[in-house]
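Close look at the chain arrangement
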Amino acid sequence: MDVFLQQVVSGLATGGIYASLALSLVMIYRATDVVNFAQGEMAMFSTYLAWSIMNHGAPYWLAFVLTVVIAFVGGLALERLIIRPVEDAPVLAIVIVTLGLLVIFNSVAGWAYSYIIQPFPSPFPRTPIRIGRIVFGPHDLGVIGVTLLMLALLWLFFRFTSLGLALRAAAQNPAASRLVGIRVGWMLALGWGLAALIGAVAGMMVAPIIFLEPNMMSGILIYAFASATLGGFTSPGGAVLGGFLVGVIENLAGTYVSFIGTDLKLTLALLVIIVVLLVKPSGLFGQAVVRRV
Amino acid sequence: MTLEDAGAPLAPEVAGPAGRAAAARAHAPGAAAVRAAGLLSLGALACLLPFVLSDYRTFQFTQVFIYAIALLGLNMLTGYNGQISLGHGAFYAIGAYTTAIMVDRWRVPYGWTIPVAGVVCLVAGFLFGIPALRLEGLYLALATFALALAVPQILKHFDAWTGGSQGIVLSKPAPPPGLPLSPDRWLYFLSLGLLLLLVLLAWNLLRGRAGRALVAIRDNPIAAEAMGVNAALYKSLTFGVSAAYTGIAGALGALAIAFVAPDTFNVFLSITFLVGIVVGGLASISGAIFGALFIQFVPNWAQDISKAAPWAIYGVFLIVFMYVMPRGIAGALLMLGRRLARTTQSHPG
């Protein structure tokens, strides 16, 4: 039983990371109907930025804030400059452009920062917290807390600010939003900016666990895809819940299903994606898209 | 900018007046002779190449032919049929491992393993194509991307068969007795021959009824079904045939490199294939060859700049091509040809 609970707890912690990246995927999907394949690499790149800012002597939280701001502006700029021209193009064109971004970020990071693995500091204390016989890593708890905090802030933003309302409107009905004076193009860019920001936070949260490296996000991106698919690509809350679920499933399956162990974990994510898409393509909390023929 | 008219070069029936005019010009006796002469000299050049180039260069061109076969397969699925696959590296891996296991473990003569790899991938692709029927656009891209990421792990897991991360070492296939060719040259001609055969097959398949059905499903699935096209059957069959092409390429690749290892079949292989069809030209058979030349030689040149440069260049090419040349090199050449033909027509002499 202790092993079980311990695995659930560590599953929740890794799940928190999947959840935050899934959250940024959902942000972009809701704003622009695009699945951003470069999301993981954008997060990785932001984390490298934080790392080099810290290397120049800045304290953690200053680097954190600077990175988040740069990521936001960068995401905004990406949408304006790179994604905008293919906004109305077929899906294939958009997928190809975001894949192009993926390989560019990946190789530029390799070019600028080399492929050597680097340690990344955690802002949370080190001493593990024990409750009964279960050990909580402070960083793990921190990750869960940060994820939930981001979700809450997003909810507040979308629910209670007029900018949030405008963003939702632009995503749901661009034509009508334009008629009431919302600048839809900028709202989409804002969606990308927010997603890049959330991704940057996710990157800085995961880097202390798996270390900093240009390919660090590829596995996590797949789990984030699985989480967003499970929770529903249209639902931020669903994506976060999906992230925690996928984290727990991954840990439990790794422990109790000997066939899976640690070396088939990515296959598990693939299975989750395919099964969910086949059984309930809109995910647990997503809205099914009804199309008029 | 759309990909809507990307099927035009091979299906003049759906190409509209411009395409028909071009086809008519191509059928003019002069143009046909020029084209035949061009193809003949190209063929002669291809046959001469391995005798003037070093073994290493010959190997590189062998690899071009192998990539071209794989790209042809992917282009059928993604270019013609509009089903996005970011995981064709998986089928390449299945083909490669089928050959490697049969040659290494069961001592099967390598010639037999190539068609077997094709059949295994045909079945695997068809089976993967069935759930893919329910996944449209982005979601199919997602599922296949996950497949591409999972391949190395799956290969390592079944290490009793695949040799784990050590991979399987093969010996270079010997030319059939009586043929005075070095192994490198023999592989070159074997790949070239298979490529020609598969190009002919693809051309026959795509220029007729089946090709039109694929393009129709891509451009307007509902209208296609209303016209009596069995979309589900066509789509899963296309997945199968496309996987078979890529699997044959994988089998040849394993023989040419004489080594298979899980980490060579990572997600970047699948992205490389996508780069190939985008740069070469979506929904174009000749595009597969341009794309293969691109993915074989451009990284080699770029490697001199930096280890990371090839991928940065790939990424830039992917995005720039989507903006300015959505039909790739093949499409651009076709347009250039038409423009030339038009100017020579309007200014005779």
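About the thresholds
- Residues numbered from 1 in each chain as written.
- Chains lettered and ligands numbered in written order.
- Predicted model: local features only at pLDDT ≥ 70, side-chain atom pairs only at ≥ 80, totals over all residues.
- Helix = DSSP H or I, 4+ residues; strand = E, 2+ residues; numbered from the N terminus.
- Rg over C-alpha atoms; globule rule 2.2 N^0.38 Å.
- Buried ≥ 20, exposed ≤ 12 C-beta atoms within 10 Å, placed from the backbone.
- Contact = placed C-beta atoms within 7 Å.
- Core = buried A, V, L, I, M, F, W, Y, C linked by C-beta atoms within 7 Å.
- Expected span 1.5 Å × (residues − 1).
- Axes fitted to C-alpha atoms, helices over the stretch in contact; angles between N-to-C directions.
- Parallel < 35°, antiparallel > 145°, perpendicular 65-115°, else oblique.
- Left-handed = near helix turned anticlockwise from the far one by under 90°.
- Nonpolar A, V, L, I, M, F, W, Y, C, P; charged D, E, K, R; others polar.
- pLDDT = per-residue confidence, 0-100.

1. So, the overall build of chain A
Across its full length, chain A holds 11 helices and two strands. In chain A, the succession of helices and strands from N to C terminus is α-α-α-α-β-β-α-α-α-α-α-α-α. Relative to the compact-globule value of 19 Å for 293 residues, chain A shows a C-alpha radius of gyration of 19 Å, a close match. In terms of overall dimensions, chain A has C-alpha extents of about 60 × 50 × 35 Å along its principal axes.

2. Quick notes on the overall build of chain B
Assigned secondary structure in chain B consists of 15 helices and two strands. Across the 349 residues of chain B, 50% fall into the buried class. Restricting the contact set of chain B to residue pairs at least 6 apart, pairs at least 24 apart contribute 78%.

3. With respect to the interface of chain A and chain B
By a widely used convention, the size of an interface equals the accessible area lost when the partners come together. Across the boundary between the two partners, chain A contributes 38 residues, which contact 41 residues of chain B. Breaking the side of chain A that touches chain B down by element, the ones donating at least two residues are helix H4 (91-113), helix H9 (217-231) and helix H11 (265-279) of chain A. Broken down by element, the side of chain A that touches chain B gets its largest block of residues, 16 residues, from H4 of chain A.

4. Describing the nonpolar core
For soluble globular proteins, nonpolar side chains are generally found buried alongside one another. Formed by 209 residues in total, the largest nonpolar core has its most connected members in Ile273 of chain A together with Ala68, Ile69 and Ala146 of chain B. The dominant element in this core, judged by the number of residues it contributes, is helix H8 (residues 184-210) of chain A, at 17 residues. Apart from residues no more than four positions distant in its own chain, Ile69 of chain B is found in contact with Leu194, Leu195, Leu198, Tyr245, Ile248 and Ala249 of chain B.

5. Points about helix H11 (residues 231-257) of chain B
Residues and elements named next belong to chain B. With 27 residues, H11 should cover 39 Å at 1.5 Å per step; its first-to-last C-alpha distance of 38 Å lies within 8% of that length. With 21 of 27 residues buried, H11 lies mostly within the body of the structure. Among the residues trailing H11, Ala258 stands out with phi positive, at a value near 60°.

6. A word on the packing of H4 of chain A against helix H12 (residues 267-280) of chain B
For the pair H4 of chain A and H12 of chain B, the least separation of the axes is 11 Å and the interaxial angle reads 125°. Taken together, the axis directions place H4 of chain A and H12 of chain B in an arrangement best described as oblique. Between H4 of chain A and H12 of chain B lies a crossing whose hand is left-handed. Contacts between H4 of chain A and H12 of chain B involve Ile96, Leu99 and Val103 of chain A on the former and, on the latter, Ile271, Leu274 and Val278 of chain B. For the contact of H4 of chain A with H12 of chain B, the per-class residue count stands at six nonpolar, no polar and no charged.

7. Comments concerning the confidence of the model for chain B
Confidence along chain B averages 81 in pLDDT terms, with 89% of residues attaining 70 or more. Within the model, pLDDT remains below 50 along residues 1-26 of chain B, and this stretch shows 45 contacts once partners closer than five positions in the same chain are excluded.

8. Considerations on the environment of Phe157 of chain A
Mapped onto the secondary structure, Phe157 of chain A falls in helix H5 (residues 138-160). Along the chain, Phe157 of chain A and Gly191 of chain A lie 34 residues apart, while their C-alpha atoms are 12 Å from each other.

9. Section: unusual backbone geometry
Leaving glycine aside, a negative phi is the common case for residues, and trans is the common case for peptide bonds. One non-glycine residue, Phe211 of chain A, lies in the positive phi region at around 70°. In this fold, Phe211 of chain A is placed in the loop between H8 and H9. Residue classification places Phe211 of chain A among the exposed residues on the basis of 12 C-beta atoms within 10 Å. In the Ramachandran plot, Ala283 of chain B falls in the positive-phi region, its phi being about 55° despite a non-glycine side chain. Counting through the fold element by element, Ala283 of chain B comes out in the loop between H12 and helix H13 (285-303).

10. Focus on the environment of Met204 of chain A
Residues and elements named next belong to chain A. Mapped onto the secondary structure, Met204 falls in helix H8. Overall, Met204 belongs to the buried group, with 28 C-beta atoms counted inside 10 Å. Not counting residues within four places of it along the chain, the set of residues in contact with Met204 comprises Thr47, Ala50, Phe64 and Thr67.

11. Remarks on the packing of H5 of chain A against helix H10 (residues 236-256) of chain A
Residues and elements named next belong to chain A. Between H5 and H10, the shortest axis-to-axis distance is 11 Å and the interhelical angle comes to 170°. As summarised for this structure, H5 and H10 are arranged roughly antiparallel, according to the angle between their axes. Within the contact between the two elements, H5 uses Thr147, Leu151 and Leu154 and H10 uses Pro236, Gly237 and Val240. Looking at the contact of H5 with H10 residue by residue, the class counts come to four nonpolar, two polar and no charged.

12. Describing the environment of Trp111 of chain A
Residues and elements named next belong to chain A. If you trace the backbone, Trp111 turns up in helix H4. Looking at Trp111, the number of C-beta atoms within 10 Å reads 17, which means it is partly exposed. On a C-alpha basis, the gap between Trp111 and Pro138 in space is 34 Å, while along the polypeptide they are 27 residues apart.

13. Some details on helix H2 (residues 39-55) of chain A
Residues and elements named next belong to chain A. Its 17 residues give H2 an end-to-end C-alpha distance of 24 Å, which sits within 8% of 24 Å, the value for a rise of 1.5 Å per residue. Most of H2 sits inside the fold, with 13 of its 17 residues counted as buried. Looking one or two residues past H2, Gly57 carries a phi angle of roughly 100°, positive in sign.

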